[in-house]
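Residues per chain are reported as follows:
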Amino acid sequence: MINWNDIDTVLLDMDGTLLDLHFDNHFWVEYLPRRYADHHGQSLAWAKNEIYPLMKAKQGQLDWYCLDFWTRELDMPIVELKREVAHLISLRPDADVFLRALQDSGRDVILITNAHRDSLSLKLERIELRTYFQRLISSHDFGFPKEARAFWDALQREVPFDPQRTLFIDDSLGILRAARDYGIEHLLAVRQPDSRGAQRDTEEFDAVEDYRALAAACER
């Protein structure tokens, strides 16, 4: 799937790629609407009808990932609410095996996430990721989501890399297409970002299904 002799830099997404997306899906799809309904003394159906259109309108934009935006928009303490279900934050199976193999390989490994810094901090409290990366970069640092060309230009200025010798793994097909448009040569999707969700068709992209296999190939 990947010729590791052609890879100097590895860029990794966090949610759905290294961490199980179940936490985020549960929070945004179920938990937040339920707490919003309780706050307003309304039904869960009413809350979903209020929140879901707002989410759809912001999808793919930086506001969609911005906890400050949703705190203002919904007048709800989003970070505190996330802490209430933080026990659901978990690493994907064997992602740590893959991260250790990358670390041992001597390649540059950089986390690039659309997660807001407060969300990133919360997850780092639960899962030790810092030691595996040279840098942990949030798209909020640049003011553009990974879906935008401007993000990749800013990333290149911040941590210069050769797109032709870079592997990028992400669970979002739209983001992978943005990376491909930028010129990143080696791309992998994730077959099942949410452990409780269905496997997905990753369309034109090869997909990660077993991090242990990917780690073994990296070590050769």
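Residues numbered from 1 in each chain as written. Predicted model: local features only at pLDDT ≥ 70, side-chain atom pairs only at ≥ 80, totals over all residues. Heavy atoms only, no water.

K.L.:
Mind laying out the sheet that holds strand 6 (residues 207-208), listing which residues take part and the relevant values?
P.N.:
Across the sheet, which stays open at both edges, the 6 strands sit in the order 3-2-1-4-5-6 with parallel pairing between neighbours. Strand pairing shows two members of the sheet lacking a second neighbour, strand 3 (135-138) and strand 6, which therefore form its edges. Relative to strand 1 (residues 9-12), helix 6 (residues 95-105) is tilted by about 155 degrees, and along the sheet it contacts strand 1, strand 2 (108-113) and strand 4 (166-169). (Pairing = 2+ DSSP bridges. Helix = DSSP H or I, 4+ residues; strand = E, 2+ residues; numbered from the N terminus. Contact = heavy atoms within 4.5 Å. Axes fitted to C-alpha atoms, helices over the stretch in contact; angles between N-to-C directions.)

K.L.:
Can you tell me about the pairing of strand 2, naming the residues and giving the values?
P.N.:
Of all 6 residues that make up strand 2, 5 are buried, and the element is covered over most of its length. Two elements, strand 1 and strand 2, share 4 bridges in a ladder whose sense is parallel. In the sheet register, Leu-12 faces strand 2, and the bridge partner there is Leu-111. As paired elements, strand 2 and strand 3 share 4 bridges and run parallel to each other. Looking at the pairing, Ile-112 lines up with Ile-137 of strand 3. (Buried < 20%, exposed > 50% of the residue type's maximum accessible area, 1.4 Å probe, protein only.)

K.L.:
Report on the pattern of salt bridges, specifying residues and quantitative values.
P.N.:
Where charged atoms of side chains with opposite charge meet at close range, the side chains can pair. The full count for this structure, using the stated rule, is 19 salt bridges. Close ionic contact of Asp-13 with Lys-146 constitutes a salt bridge, the shortest N to O distance being 2.9 Å. Taken as a pair, Asp-13 in the loop between strand 1 and helix 1 (22-40) and Lys-146 in the loop between strand 3 and helix 8 (149-158) lie far apart in primary sequence, 133 residues in all. In this structure Lys-146 comes out as buried when scored by relative accessible area, which is 1%. Close ionic contact of Arg-135 with Glu-158 constitutes a salt bridge, the shortest N to O distance being 2.8 Å. Placement of the pair is Arg-135 in strand 3 and Glu-158 in helix 8, with a sequence separation of 23 residues. You can call Arg-135 partly exposed: its relative accessible area is 32%. (Salt bridge = Lys/Arg side-chain N within 4 Å of Asp/Glu carboxyl O.)

K.L.:
Now, about the packing of aromatic side chains: what can you tell me, with residues and values included?
P.N.:
If you walk through the whole model with that rule in mind, you get 15 aromatic pairs. Geometrically, the ring pair formed by Phe-98 and Tyr-211 is stacked, given 5.3 Å between the ring centres and 20 degrees between the ring planes. With Phe-98 in helix 6 and Tyr-211 in helix 10 (residues 211-219), this residue pair connects regions lying 113 residues apart in the sequence. Neither Phe-98 nor Tyr-211 differs from the other in exposure class; each is buried. (Phe/Tyr/Trp six-rings, centres within 6.5 Å; stacked < 30°, edge-to-face > 60°.)

K.L.:
Go over helix 2 (residues 44-58) with me, naming the residues and quoting the values.
P.N.:
In this model helix 2 runs 21 Å from its N-terminal to its C-terminal C-alpha over 15 residues, within 8% of the 21 Å that 1.5 Å per residue would give. Listing the buried residues of helix 2 in full gives Ala-47, Lys-48, Ile-51 and Met-55. On its buried face, helix 2 is in contact with helix 1, helix 3 (62-65) and helix 4 (67-74). Following helix 2 by one or two positions, Gly-60 has its phi on the positive side, about 85 degrees. (Expected span 1.5 Å × (residues − 1).)

K.L.:
Can you lay out the nonpolar core for me, pointing to particular residues and giving the numbers?
P.N.:
If you look at the biggest cluster of nonpolar residues, it comprises 82 residues, and the most contacted ones within it are Trp-4, Leu-12, Phe-133, Trp-152, Leu-155, Phe-168 and Ile-169. By residue number, the principal contributor to this core is helix 1, which donates 7 residues. Discounting chain neighbours no more than four positions away, the residues touching Phe-168 are Leu-11, Asp-13, Ile-112, Lys-146, Trp-152, Ile-175, Leu-176, Ala-179, Ile-184, His-186, Leu-187 and Leu-188. (Core = buried A, V, L, I, M, F, W, Y, C linked by side-chain atoms within 4.5 Å.)

K.L.:
Which residues make up helix 6, and what are the values?
P.N.:
Here helix 6 has its buried residues at Ala-95, Val-97, Phe-98, Leu-99, Ala-101 and Leu-102. On its buried face, helix 6 sits against strand 1, strand 2, strand 4 and helix 10. After helix 6 finishes, the residue Gly-106 shows a positive phi value of roughly 80 degrees.

K.L.:
Which residues make up the side chain of Asp-24, and what values do they have?
P.N.:
Examined against the element boundaries, Asp-24 turns out to sit in helix 1. Since its relative accessible area comes to 9%, Asp-24 is described here as buried. For Asp-24, the side chain forms a polar contact with the side chain of Lys-123, separated by 2.9 Å. Apart from residues no more than four positions distant in its own chain, Asp-24 is found in contact with Asp-15, Lys-82 and Lys-123. (Polar contact = N/O pair within 3.5 Å; in protein donor to acceptor, adjacent residues only side chain to side chain.)

K.L.:
Outline unusual backbone geometry, supporting the account with residue identities and numerical values.
P.N.:
In this structure, Asp-94 is a non-glycine residue whose phi angle is positive, near 65 degrees. Within the element layout of this structure, Asp-94 appears in the loop between helix 5 (78-84) and helix 6. The backbone of Glu-203 sits at a positive phi, close to 55 degrees, despite the residue not being glycine. Relative to the helices and strands, Glu-203 is located in the loop between strand 5 (186-190) and strand 6. Glu-203 sits in the exposed class, given a relative accessible area of 51%.

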